[in-house]
Amino acid sequence: MSAFPLELDRSAIERLGRHTVDFLAGWVSGFGDAPASDYEQTDRLVAELGRPPGDGPGDFGALLETFRQAAEQGVNTAGPGYLAYFPAGGLVTAALAELLAAAANRYTGVAQMAPALVAMEHGVLTWLCARFGLPAGAGGLVTTGGSMATLSALLAARQTHGDGTVYVTEHTHYCVAKAARIIGLPADRIRAVPTTPGLSMDVRAAAAMIVADRAAGLRPFLLVGTAGTTSSGTVDPLPELGALARREGLWFHVDAAYGGGFQLTARGRARLAGIEAADSIVLDPHKSLFLPYGTGVLLVRDPAALHAAHAAGGRYLQDLSPADDLPDYGHLGVELTREFRGLRLWLPLHLHGVGAFERELDEKLDLAANAYAELSRDPRLDLPWEPDLTVILFRLRDAADERNRRLLADVNASRRVFLSSTTIDGRFYLRLCVLSCRTHADRVREAVAIIRTAAAAVPELESPTGSSG
Ligand SMILES: *Cc1c(COP(=O)(O)O)cnc(C)c1O
């Protein structure tokens with residue numbers, strides 16, 4: 001292909017665009033057959049691909065091919081066999097939205113610059129607030145992910161209540177501690193409340209700790225509940241935590257980065273009941289709404305707190321005045337200039353309809369319940385916790401961690417599925433999470449079969465005092 005000027009004319013846009021769409025359609029439709037992980041060409045590609053750009057033009061087809069080869073190395077997080085961490089798949093319609101938003105390149109940091117686009121993003125956020133039972137007037141922000149949303153939530157909480165101590169559990173995502181560190185809270189202000197045998201926050205222990213801390217001169221200001229912990233998918237007792245926060249005058253933050261999407265389903269709403277009392281909620285559409293990585297959401301009961309924590313002014317912005325009924329996102333979060341991230345939510349929600357998301361999430365709940373039942377039936381496996389949502393933990397019964405590590409390696413060596421692990425109470429557990437829009441019953445059945453076959457075949461490990469050497 002010939003050289004392209006930086007500003008493409010219509011026919012060049014057509015040529016590059018068609019080429020891209022043809023490439024994309026062929027490639028994405030093959031995700032189901034691609035290996036769940038692939039490191040065969042990694043060393044070669046890592047060595048080759050760091051080279052700097054040349055002065056002269058490149059060939060578009062060759063560049064796309066290089067991208068494809070690079071993207072296929074490592075773990076196939078977009079494929080149906082990805083059952084590790086939090087899969088989402090990545091909706092292609094959201095990727096198309098991203099292309100459009102970037103091509104339009106309108107400025108949505110301040111509403112006056114693109115009021116109708118800001119209204120689209122605002123509409124999605126207002127709808128989400130309503131789905132979570134937050135009152136009229138609640139609002140929020142689309143961020144790059146849960147970590148950034150959590151940082152802004154902590155800033156808003158401190159803006160409202162002042163510095164003090166934060167209550168979490170050992171299963172709270174570390175982004176809370178990280179955000180606390182960024183905003184300058186000393187590490188000893190993060191208080192780990194004991195958990196129940198079911199891995200959720202022990203509310204009575206939390207209440208006792210808050211009272212004792214206050215008596216000792218500390219200033220409790222923030223209680224963090226999790227709606228779907230990262231290790232085990234456990235939902236904390238949100239109604240009781242909300243009541244405790246109200247009684248003690250604390251900001252109540254709910255980390256629903258993983259679990260939040262399930263609020264669209266009846267079962268999810270039942271499990272997340274109590275979330276409507278939150279002062280702030282974080283959810284990750286790049287987890288439970290199947291969006292591409294880089295999409296988080298913060299919802300707040302009182303957007304004025306978020307504004308007070310983030311707003312700043314500069315003479316260079318003096319031409320811009322706040323809109324009456326639209327938010328200036330640049331004053332609600334860390335970023336001023338930002339992508340028009342709202343379209344990534346708006347387009348898929350309006351195109352597929354909310355019902356499509358609800359059905360897809362209901363399917364994931366069913367698939368996880370089935371996988372739990374199937375694995376529980378295997379006498380070799382121990383599954384101590386029934387899943388609250390779609391995360392399943394298991395290990396070989398009466399086996400050392402080392403054998404369980406071996407089991408994980410053997411399962412992943414199938415290259416049909418890819419699982420991860422976690423440690424609970426000092427013990428190693430394999431972890432299976434059903435969440436991708438590309439994972440359906442066939443792949444979950446296959447995963448169960450692979451696990452059971454591998455579990456039957458894991459060799460006894462030589463004991464350190466073994467006599468075989
Ligand atoms: C993933 C996750 C986060 C962090 O979100 P990022 O989008 O990765 O920044 C926070 N909390 C929970 C419960 C999570 O699962």
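Owing to the predicted nature of the structure, the values given are computational and were not obtained by experimental measurement.

(A) The site of the ligand, seen in detail. In the vicinity of the ligand lie 13 residues, with Gly146, Ser147, Asp255, Asp284 and Lys287 positioned nearest. Side-chain polar atom of Asp255 to a nitrogen atom of the ligand: 2.6 Å apart, as the coordinates give it. Burial of the ligand by the surrounding chains reaches 86%, relative to a free accessible area of 380 Å². For the shell around the ligand, the secondary structure elements donating two or more residues are helix H6 (146–161) and helix H11 (285–288). Across the shell around the ligand, the residue classes break down as 3 nonpolar, 7 polar and 3 charged.

(B) Geometry of the nonpolar core. Judged by nonpolar contacts, the single largest core of 90 residues is most densely connected at Leu223, Ile281 and Leu299. A per-element tally of this core places H6 first, with 7 residues. Look past the residues within four positions of Leu299 in its chain and what remains in contact with it is Leu125, Leu128, Cys129, Phe132, Leu134, Gly139, Gly140, Asp279, Ser280, Ile281 and Leu283.

(C) Expanded view of the sheet that holds strand S5 (residues 190–192). Read from one edge to the other, the open sheet built from 7 strands follows the order S3-S9-S8-S7-S6-S4-S5, with strand pairing classed as mixed. Whereas interior strands pair on both sides, the edge strands pair on one side only; in this sheet they are strand S3 (139–143) and S5. If you compare each strand with its neighbour and ignore which way they point, the axes differ by 20 degrees on average. Here strand S6 (residues 220–226) pairs with strand S7 (residues 251–256) via 5 bridges, running parallel. Pairing of Leu223 across the sheet is with Phe252, part of S7.

(D) Fine view of the packing of helix H15 (residues 401–412) against helix H16 (residues 441–457). Direction vectors running N to C along H15 and H16 enclose 130 degrees, while the axes themselves pass 9 Å from each other. Classified by the angle their axes make, H15 and H16 are oblique. As H15 runs across H16, the sense of the crossing is right-handed. Contacts between H15 and H16 involve Leu407, Asp410 and Val411 on the former and, on the latter, Ile450, Ile451, Ala454 and Ala455. Its residues assigned to classes, the contact of H15 with H16 shows 6 nonpolar, no polar and 1 charged.

(E) Up close: the packing of helix H2 (residues 42–49) against helix H3 (residues 60–71). At their nearest, the axes of H2 and H3 sit 10 Å apart, and the two run at 135 degrees to each other. In terms of their interaxial angle, H2 and H3 are classed as oblique. Seen along the crossing, H2 lies across H3 with a hand that is left-handed. Contacts between H2 and H3 pair Arg44, Leu45 and Leu49 from the former with Thr66, Gln69 and Ala70 from the latter. Classifying every residue of the contact of H2 with H3 gives 3 nonpolar, 2 polar and 1 charged.

(F) Structural detail: the state of the cysteines. Throughout the structure, instances matching the rule amount to 0 disulfides. Just so you know, Cys433 is unpaired, no disulfide at all, and the nearest cysteine sulfur is the one on Cys437, 13 Å from it.

(G) Quick look at empty space enclosed by the protein. Under the definition given, this model contains 3 cavities of 30 Å³ or more. The volume enclosed by the largest cavity comes to roughly 70 Å³. Every residue along the wall of the largest cavity is listed here: Leu141, Val142, Thr143, Met148, Ser152, Tyr329, Gly333, Val334, Glu335, Arg338 and Arg341. Where the lining of the largest cavity is concerned, the elements lending two or more residues are S3 and H6. Looking at the lining of the largest cavity element by element, the count peaks at 3 residues for S3. Taken together, the residues that form the lining of the largest cavity break down as 5 nonpolar, 3 polar and 3 charged.

Definitions and cut-offs
Residues numbered from 1 in each chain as written. Predicted model: local features only at pLDDT ≥ 70, side-chain atom pairs only at ≥ 80, totals over all residues. Heavy atoms only, no water. Near = heavy atom within 4 Å. Polar contact = N/O pair within 3.5 Å; in protein donor to acceptor, adjacent residues only side chain to side chain. Areas by Shrake-Rupley, 256 points an atom, 1.4 Å probe, with all protein chains shown as cover. Helix = DSSP H or I, 4+ residues; strand = E, 2+ residues; numbered from the N terminus. Nonpolar A, V, L, I, M, F, W, Y, C, P; charged D, E, K, R; others polar. Core = buried A, V, L, I, M, F, W, Y, C linked by side-chain atoms within 4.5 Å. Buried < 20%, exposed > 50% of the residue type's maximum accessible area, 1.4 Å probe, protein only. Contact = heavy atoms within 4.5 Å. Pairing = 2+ DSSP bridges. Axes fitted to C-alpha atoms, helices over the stretch in contact; angles between N-to-C directions. Parallel < 35°, antiparallel > 145°, perpendicular 65-115°, else oblique. Left-handed = near helix turned anticlockwise from the far one by under 90°. Disulfide = S-S within 2.5 Å. 1 Å grid on protein atoms, 1.4 Å probe; cavity = no way out; pocket = protein on both sides within 12 Å on 5 of 7 lines; lining within 4 Å. Points joined across faces, edges and corners; volume = space filled by probe spheres on them.

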